[in-house]
Amino acid sequence: MKQQFSDAELEAYLDESVSAARLASVEAALREAPELVDRLATIAGRRDAGVHSLGAIWRRRRLTCPSREQLGSFLLGVLDPGHTAYLQFHLDEVGCRYCNASITDLREQHAADDTLASESRRSKYFQSSAGYLAPED
Amino acid sequence: MADTANPDQLLVQEIRQGKPDAWTNLIAQYEGRLLAFVDSRLSYGKRGAFGKRGRRAASEDVVQDTFIGFLTSLPNYDSRRPLESWLFSIAAHKLTDYLRREGRRPAIPLSTGDGSSGNWELAGKARGASSIARSGERQGLEADAIAEGIEQQLERWQQAGDWKKIKCMELLFVVGSGNKKVAEQLDLSEQQVANFKFDFLERLRKIVRSGRLNEDVFPDLHET
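Residues numbered from 1 in each chain as written. Chains lettered and ligands numbered in written order. Predicted model: local features only at pLDDT ≥ 70, side-chain atom pairs only at ≥ 80, totals over all residues. Heavy atoms only, no water.

(A) Structural detail: helix α7 (residues 97-109) of chain A. If you check α7 of chain A, its first and last C-alpha atoms are 18 Å apart, about what 13 residues at 1.5 Å a residue would give, namely 18 Å. Taken together, the buried positions of α7 of chain A are occupied by Arg-97, Tyr-98, Cys-99, Ala-101, Ser-102, Ile-103, Asp-105 and Leu-106 of chain A. Buried positions along α7 of chain A lie against α2 (20-32), α5 (68-76) and α6 (81-92) of chain A together with α2 (20-42) and α4 (83-101) of chain B. (Helix = DSSP H or I, 4+ residues; strand = E, 2+ residues; numbered from the N terminus. Expected span 1.5 Å × (residues − 1). Buried < 20%, exposed > 50% of the residue type's maximum accessible area, 1.4 Å probe, protein only. Contact = heavy atoms within 4.5 Å.)

In structure tokens form, the structure reads like this:
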């Protein structure tokens with residue numbers, strides 16, 4: 001069945017801000033439907049020209065993304081039921097990639113066997129970037 | 001001047017001073033979520049040939065580029081902006097570059113129309129780029145005004161525990177679903193969805209008018 005994408009989803013694709021599954025669907029459709037490339041080009045051009053969409057402002061400002069502390073409370077199951085249900089919706093139905101990434105990270109932080117691997121990564125990131133660290137004029 | 005109540009601003013201030021401990025702290029705080037962000041994309045639906053270890057290494061390379069990108073773009077970073085969002089936006093750019101190099105993500109032409117005018121004009125509006133062209137600063141003010149208007153409404157609904165209205169607006173404007181689909185998903189009538197949407201947009205239109213902003217640059221405000 002042919003996939004349908006809203007303009008808001010295509011704009012989110014340009015920003016890499018919807019779920020990986022939805023991004024993969026857009027990419028698969030782009031390979032088969034040149035008209036979808038035209039739609040994306042139109043959306044990109046509209047943005048470049050300074051036309052605002054509410055969805056883009058909402059996503060970029062992360063107006064409904066919970067704080068890191070709220071995500072932690074969500075994992076611990078200590079939020080009220082309405083708030084918990086809303087965050088589940090934000091993660092699953094909206095597919096917020098930033099919040100899903102934070103949730104994955106919080107879960108992995110609680111897994112003890114990840115400690116050595118993360119220490120090694122952090123050291124690698126520091127070594128590769130520290131040369132760019134310099135006092136600003 | 002850093003806001004002393006904001007630990008991220010203090011951290012960035014110390015990084016601007018070239019302090020290695022501060023840089024180590026930032027990496028420790030943010031690398032996990034950045035890696036999860038990148039890895040969810042690179043690992044999605046991929047099996048076999050490249051291998052899980054190879055994909056993980058590629059994800060780590062993108063995160064490494066993100067941290068380097070953060071330091072090289074530090075002079076442009078406005079520390080009033082949330083640090084996490086800034087890092088995610090750099091990661092998204094680095095990820096996009098990587099996916100293009102790998103041939104997974106097509107390059108999007110800026111214009112597919114003939115000539116130099118492009119094809120971005122809004123349907124039903126006889127208005128060209130030159131008539132709404134304005135400075136980046138002006139565009140930022142417009143986005144600020146709308147974001148503040150949306151935040152005010154979200155805060156009111158959240159305080160009242162009215163999560164359904166928040167879900168409704170998020171599905172309409174962030175996901176881009178139509179009224180009918182939203183009504184089905186949230187167990188509302190289409191009329192209720194239309195009413196919520198009208199009230200939401202009407203408040204935003206008032207903000208735009210009171211700020212003497214150009215309504216034409218917000219086509220969503222005239223959705224039905």
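(B) Examining the packing of aromatic side chains more closely. Enumeration according to the criterion identifies 13 aromatic pairs over all chains in this entry. Through a chain of ring-to-ring contacts, the aromatic side chains of Tyr-125 of chain A together with Trp-23, Phe-67, Phe-70, Tyr-77 and Trp-86 of chain B assemble into a single cluster. The ring centre of Phe-37 of chain B lies 4.1 Å from the NZ or CZ of Arg-97 of chain A, which sits over that ring. Sitting over the face of the ring of Tyr-13 of chain A, Arg-105 of chain B holds its NZ or CZ atom 4.2 Å from the ring centroid. (Phe/Tyr/Trp six-rings, centres within 6.5 Å; stacked < 30°, edge-to-face > 60°. Lys NZ or Arg CZ within 6 Å of the ring centre and 35° of its normal.)

(C) Just the state of the cysteines, in detail. Evaluation of the coordinates by the stated rule reveals zero disulfides over all chains. The thiol of Cys-96 of chain A is not disulfide-bonded; the next cysteine sulfur, from Cys-99 of chain A, is found 3.7 Å away. Using a relative accessible area of 6% as the deciding quantity, one classes Cys-96 of chain A as buried. Cys-65 of chain A provides the cysteine sulfur closest to Cys-168 of chain B, a residue in no disulfide bond, and the two sulfurs are 19 Å apart. (Disulfide = S-S within 2.5 Å.)

(D) Representation of the environment of Glu-31 of chain B within the structure. Along the chain, Glu-31 of chain B falls in helix α2. Accessibility expressed as a relative area gives 1% for Glu-31 of chain B, which makes it buried. For the pair Glu-31 of chain B and Glu-60 of chain B, spaced 29 residues apart in the sequence, the C-alpha separation amounts to 9.2 Å. Look past the residues within four positions of Glu-31 of chain B in its chain and what remains in contact with it is Ser-118, Arg-121, Arg-122 and Tyr-125 of chain A together with Phe-67 of chain B.

Any functional reading would require information that these geometric values do not contain.
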